[in-house]
Amino acid sequence: MKSKTLQEFKEFALKGNVVDMAVGVVIGAAFGKIVTSLVNDIIMPCLGVLIGGVHFSDLSIVLKKATETNPAVTLNYGNFIQVTIDFLIIAFSIFLVIKVFNKMTHIRKKNGEGATAPAEEKKSE
């Protein structure tokens, strides 16, 4: 049983879809860094100026004041706002990329480019 499971895993791991997915994950991580930089370095400073020079990362509520031995306990809602904006921009950007990809795929199918490959495979079988 172990050899069959190992063989199935090997077939799964060597399929093109897994490699494509791995490439997508790496590109997605890099894309996430770009969008995070866009938010942190361009959008949030502009937003901060519009609301009176406030940096979102500085926004917090002190739940317990600092003592001589313990630091303050704070609720850092500014970081939450920033991460939420990051997420929304990344999600919208990915939505646009997928929308363009689907449109290109639809155009290829409409022009008949996608329909020729399966017909050729059936003839060779």
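Just so you know, these numbers come straight off a predicted model, no measurement behind them. (Residues numbered from 1 in each chain as written. Predicted model: local features only at pLDDT ≥ 70, side-chain atom pairs only at ≥ 80, totals over all residues. Heavy atoms only, no water.)

Draft legend 1. Expanded view of the overall build of the protein chain. Tallying secondary structure elements over the protein chain gives 4 helices and 2 strands in all. When its helices and strands are written in sequence order, the protein chain yields α-α-β-β-α-α. Every one of the 125 residues in the protein chain was classed for burial, and the buried ones make up 11%. Considering only intrachain contacts with a sequence separation of at least 6, the fraction spanning at least 24 residues in the protein chain is 40%. In the structure as shown, the protein chain presents an accessible area of about 10600 Å², 68% of it carried by carbon and sulfur atoms. (Helix = DSSP H or I, 4+ residues; strand = E, 2+ residues; numbered from the N terminus. Buried < 20%, exposed > 50% of the residue type's maximum accessible area, 1.4 Å probe, protein only. Contact = heavy atoms within 4.5 Å. Areas by Shrake-Rupley, 256 points an atom, 1.4 Å probe, with all protein chains shown as cover.)

Draft legend 2. Spatial organisation of helix 3 (residues 77-110). End to end, helix 3 covers 49 Å across 34 residues, agreeing with the expected 50 Å (1.5 Å per residue, within 8%). Buried within helix 3 we find Gly 78, Gln 82, Ile 85, Asp 86, Ile 89 and Ser 93. (Expected span 1.5 Å × (residues − 1).)

Draft legend 3. Representation of the confidence of the model for the protein chain within the structure. Looking at the protein chain as a whole, the pLDDT averages 79, with 87% of positions reaching at least 70. Taken element by element, the protein chain is modelled with least confidence in helix 4 (residues 116-124), mean pLDDT 52, and with most confidence in strand 2 (residues 73-75), mean pLDDT 93. (pLDDT = per-residue confidence, 0-100.)

Draft legend 4. Focus on a nonpolar patch on the surface. A contiguous nonpolar surface patch, about 450 Å² in accessible area, is contributed by Ile 61, Leu 63, Val 73, Leu 75 and Tyr 77. Breaking the nonpolar patch down by element, the ones donating at least two residues are strand 1 (61-64) and strand 2. Position of Ile 61 relative to the elements: it lies in strand 1. Ile 61 gets classed as partly exposed once you look at its relative accessible area, which sits at 43%. (Patch = residues over 30% accessible without salt bridge, like charges linked within 9 Å, V, L, I, M, F, W, Y side chains within 5 Å. Salt bridge = Lys/Arg side-chain N within 4 Å of Asp/Glu carboxyl O.)

Draft legend 5. Molecular detail of the nonpolar core. If you look at the biggest cluster of nonpolar residues, it comprises 7 residues: Val 35, Val 39, Met 44, Phe 56, Leu 59, Ile 85 and Ile 89. Of all elements in the fold, only helix 2 (16-50) and helix 3 reach the threshold of two or more residues within this core. The element contributing the most residues to this core is helix 2, with 3 residues. Setting aside residues up to four positions removed in sequence, Phe 56 forms contacts with Met 44, Leu 47, Gly 48, Ile 51, Gly 78, Asn 79, Ile 81 and Gln 82. (Core = buried A, V, L, I, M, F, W, Y, C linked by side-chain atoms within 4.5 Å.)

Draft legend 6. Summary view of the side chain of Gln 82. Within the fold, Gln 82 resides in helix 3. Relative accessible area serves as the criterion here: at 15%, Gln 82 is assigned to the buried category.

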